[in-house]
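The chain contents come next:
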Amino acid sequence: MFSRIQFKRAIFFRPIIANSNHIYNKGLRRPFSTSLKLQLANTTVNFSEQQPQHDTSQEPKTHFGFKSVPEGMKETLVGQVFENVATNYDVMNDAMSLGVHRLWKDHSVRTMAPGPGTKLLDVAGGTGDIAMGFLNYCKEIHGDTSAQVTLLDINPKMLEVGRQRFAKTPYHNTSQVTFEIGNAENLLSIPSNSYDVYTIAFGIRNCTHIDRVLREAFRVLKPGGRFMCLEFGKVRNPLISSIYNLYSFQVIPIIGQVIAADRDSYQYLVESIRQFPSQEQFAEMIKKAGFTIVGEGWEDLTFGIAALHSGFKL
Amino acid sequence: KRTHYASSISSTNAQISNFQKSILAVSSAFTAFFDPGRGDMIATLGETTGSIFVNRMRDNMLRDKTGRRILRERPRIHSNTIDIPYLRSLQLGTFGKEYANFLDGQKVTPDTRVKVQYIYDDELAYVMQRYRECHDFFHALTKLPVNVEGELALKWFELAQTGLPMTLLSSFFGPLMLSSKEQERLFKKYVPWALQCGSQCKFLLNVYYEECWNKNIEEMRKELGIYLVD
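All values derive from a computational prediction rather than experimental measurement.

*Asks:* Got a minute to help me understand the overall build of chain A in this structure?
*Replies:* Looking only at helices and strands, one finds eleven helices and nine strands in chain A. Every one of the 314 residues in chain A was classed for burial, and the buried ones make up 50%. A sequence separation of at least 24 residues applies to 72% of the contacts in chain A between residues at least 6 apart. A total accessible area of about 15000 Å² is found for chain A, and carbon and sulfur atoms account for 56% of it.

This is the structure:
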């Protein structure tokens, strides 16, 4: 009799090839892709060339998707992922979330409810969805053109795509939007107490040290300023959760392969979502950074697939 | 004469489940149809739908002496395993010279073949890779050009030879992209030839092409049972 678990294994789990020389049988239960493995191998070499005294085996490890990598390497690896996905980023977002990511981002901007003349720092802004939504909101709701946004991203390619998108809007070449390369963990170019709102949408889980990002966010905000973070969260409802997991691990990498010819980057994406702390844990981290939380501090979106976190610097 | 012997062909990327394979098959079919430039999607379609037929191709190769040798030695066709300048220097009328002329005339290289990703058995992955890499040799032997018509005719030919579902889908849906006149010509002239010639000639993966450079191409065609389209 074919049991339920056998049925599930046959369809959804990866086949085990008993006699082949395949790396899958060499004890690596979930081999990450060769392409990124080679990159890992190459970046290990580069890393040790740059800092010959540094013993990589002693260095603290962090997660890169389901894989464990030395901390110093995560930034480089994430950089490569985003370089690969930059050109198809917006198309893939629409395909993967079936357009729902637009609703999440719209909701964030409406929750932010910026008044006229607000200065926004959109960190890991990439292709500029939040920044654009913010400027459009101010223009449409308040008829305001003095709102300003600084679009900051660590990845030049993503920022370039953002620039090209803004070039097609009336904000092009105005003082309303500025583009900057920067690292969320260390915002060297941003003076303290200078922004009214700080947002980071779907970017913080890619940072190596989330606590440093939160500290920098606290620093650059003006007193009374608001920190908002839109990020993927944990789904509580077991039925939704199982459908969501199935969709994430079975369908999304395939969509990535079909549209962007890059399954591995999207595999990293869905794995990184699972590695991010839960909504409660993240709210604690935000509190620890000095922010004041109102209520629970977050709002679940779409059953907790995404969550909008908010904190105030008082 | 240099040939590169590959020991392990199959990619070591994380494997996909059967469910993912089925989604990939359907989505790659649609993507390949609407965006013919996505050669990787056609390749993916071939790999995800081909399982039984790649097995049959491997068994065909095992039945033939040269086929068995190819499976043992696993030669690869790549610009660093094939000495194209040497082929150009050969006499006109030889297989090597014809192939070099084809590459130069159509401005293609043997490096444009996508690597096998979704077949997890070493040998079957090699068979698929070999099939892909021999595609240009089929062009040289059948003297079909690299335009849409020629490629479709060759797809029908490969359908008769291998039976792969990918060739079937390309053969059926590819002509939809042509004009009615081209379709008429395809189905009146090329398809009957492709099906007849393809089904009666020798199984073309059983030919060790790397050893045939100096052979006279007309003799080769006679041996294999290939006649040209008229």
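*Asks:* Teacher, can you tell me more about the overall build of chain B here?
*Replies:* Of the regular secondary structure elements, chain B holds twelve helices and two strands. Starting at the N terminus, the α and β elements of chain B follow one another as β-α-α-α-α-β-α-α-α-α-α-α-α-α. Over its C-alpha atoms chain B spans a radius of gyration of 17 Å, differing by no more than 12% from the 17 Å that the globule rule assigns to 230 residues. Oriented by its inertia axes, the alpha-carbon framework of chain B measures out at about 50 × 45 × 30 Å. Here chain B, with 230 residues, has 53% of them falling under the buried criterion. Long-range pairs, those at least 24 residues apart, make up 72% of the contacts in chain B with a sequence separation of at least 6.

*Asks:* I keep staring at the packing of helix α3 (residues 51–63) of chain B against helix α4 (residues 65–73) of chain B and nothing clicks. Help me out?
*Replies:* Pairs of packed helices are described in terms of their axes, by the angle between the two and the distance that separates them. Residues and elements named next belong to chain B. For the pair α3 and α4, interaxial distance at closest approach is 5 Å and the crossing angle is 115°. Classified by the angle between their axes, α3 and α4 sit roughly perpendicular to one another. Here α3 contributes R58, M61, L62 and R63 to the contact with α4, which in turn contributes K65, G67, R68, I70 and L71. Partitioned by chemical class, the residues of the contact of α3 with α4 number four nonpolar, one polar and four charged.

*Asks:* Help me understand a nonpolar patch on the surface in this model?
*Replies:* On the surface, a nonpolar cluster with roughly 410 Å² of combined accessible area is contributed by B:L168, B:F172, B:F173 and B:L176. In this fold, B:F172 is placed in helix α10 (residues 165–173).

*Asks:* Help me understand the UniProt feature "binding site: S-adenosyl-L-methionine" (unreviewed entry) in chain A, please; the structure alone is not making it clear to me.
*Replies:* All names here are of chain A. Residues annotated in UniProt with the feature "binding site: S-adenosyl-L-methionine" (unreviewed entry) correspond here to T127, D153, N183 and A184. Mapped onto the fold, T127 is located in the loop between β3 (119–123) and α6 (129–142). By relative accessible area, which is 2% here, T127 ends up buried. In this structure, T127 is in contact with Y89, D90, M158, V161, G162 and R165, ignoring residues within four places of it in sequence. Polar side-chain contacts of T127 include one of 3.0 Å to the side chain of D90.

*Asks:* Before we go on, may I ask you to explain helix α9 (residues 238–260) of chain A in this structure?
*Replies:* Residues and elements named next belong to chain A. Spanning 23 residues, α9 covers 31 Å between terminal C-alpha atoms, matching the ideal 33 Å at 1.5 Å per step. The sharpest bend along α9 reaches about 35° and sits at V251, with the proline P253 one to four residues further on. The N-cap of α9, judged by a side-chain oxygen 3.0 Å from the amide nitrogen of L239 a few residues on, is N237. Of the residues trailing α9, A261 is marked for its positive phi of about 55°.

*Asks:* How do you make sense of the side chain of A:S278 when you look at a structure like this?
*Replies:* Take A:S278: it is sitting in the loop between α10 (263–275) and α11 (279–288). Ignoring anything within four residues of it in the chain, the contact list for A:S278 reads A:K234 and A:R236.

*Asks:* I keep staring at the sheet that holds β3(A) and nothing clicks. Help me out?
*Replies:* Sheets are built from strands paired through backbone hydrogen bonds, the pairs being either parallel or antiparallel. Residue and element names in this part refer to chain A. With mixed pairing, seven strands are arranged side by side in an open sheet as β5-β4-β3-β6-β7-β9-β8. The open sheet is flanked by β5 (177–181) and β8 (298–301), the only strands paired with a single partner. When strand polarity is set aside, the average angle formed by the axes of neighbouring strands in this sheet is 15°. Judged from the seven bridges that link them, strand β7 (residues 221–232) and strand β9 (residues 306–312) form a sheet pairing that is antiparallel. Counted as the bridge partner of E231 is A307 from β9. Sitting on the sheet, helix α5 (residues 100–112) touches β3, β6 (195–201), β7, β8 and β9, and the angle it makes with β7 is about 160°. Strand contacts of α6: β3, β4 (148–153), β5 and β6, with the helix running at about 180° to β4, the strand carrying the most contacts.

*Asks:* What is the right way to read the packing of aromatic side chains from this model?
*Replies:* Counting across every chain of the model gives 24 aromatic pairs over all chains. Both rings, one in B:F33 and one in B:F34, keep their centres 5.0 Å apart while their planes meet at 75°; by these two values the pair is edge-to-face. Here the aromatic cluster, defined as three or more aromatic residues joined through ring pairs, consists of B:F95, B:Y99, B:F137, B:Y209 and B:W213. One Lys or Arg, A:K119, reaches over the ring of A:Y195 and ends 4.9 Å from the middle of that ring. We note A:K313 situated over the ring of A:F218; from NZ or CZ to the ring centre the distance is 4.9 Å.

The rules behind each value
Residues numbered from 1 in each chain as written. Chains lettered and ligands numbered in written order. Predicted model: local features only at pLDDT ≥ 70, side-chain atom pairs only at ≥ 80, totals over all residues. Heavy atoms only, no water. Helix = DSSP H or I, 4+ residues; strand = E, 2+ residues; numbered from the N terminus. Buried < 20%, exposed > 50% of the residue type's maximum accessible area, 1.4 Å probe, protein only. Contact = heavy atoms within 4.5 Å. Areas by Shrake-Rupley, 256 points an atom, 1.4 Å probe, with all protein chains shown as cover. Rg over C-alpha atoms; globule rule 2.2 N^0.38 Å. Axes fitted to C-alpha atoms, helices over the stretch in contact; angles between N-to-C directions. Parallel < 35°, antiparallel > 145°, perpendicular 65-115°, else oblique. Nonpolar A, V, L, I, M, F, W, Y, C, P; charged D, E, K, R; others polar. Patch = residues over 30% accessible without salt bridge, like charges linked within 9 Å, V, L, I, M, F, W, Y side chains within 5 Å. Salt bridge = Lys/Arg side-chain N within 4 Å of Asp/Glu carboxyl O. UniProt positions renumbered as here; feature names shortened; annotations may be inferred. Polar contact = N/O pair within 3.5 Å; in protein donor to acceptor, adjacent residues only side chain to side chain. Expected span 1.5 Å × (residues − 1). Bend = angle between axes of the 7 residues up to and from the residue. Pairing = 2+ DSSP bridges. Phe/Tyr/Trp six-rings, centres within 6.5 Å; stacked < 30°, edge-to-face > 60°. Lys NZ or Arg CZ within 6 Å of the ring centre and 35° of its normal.

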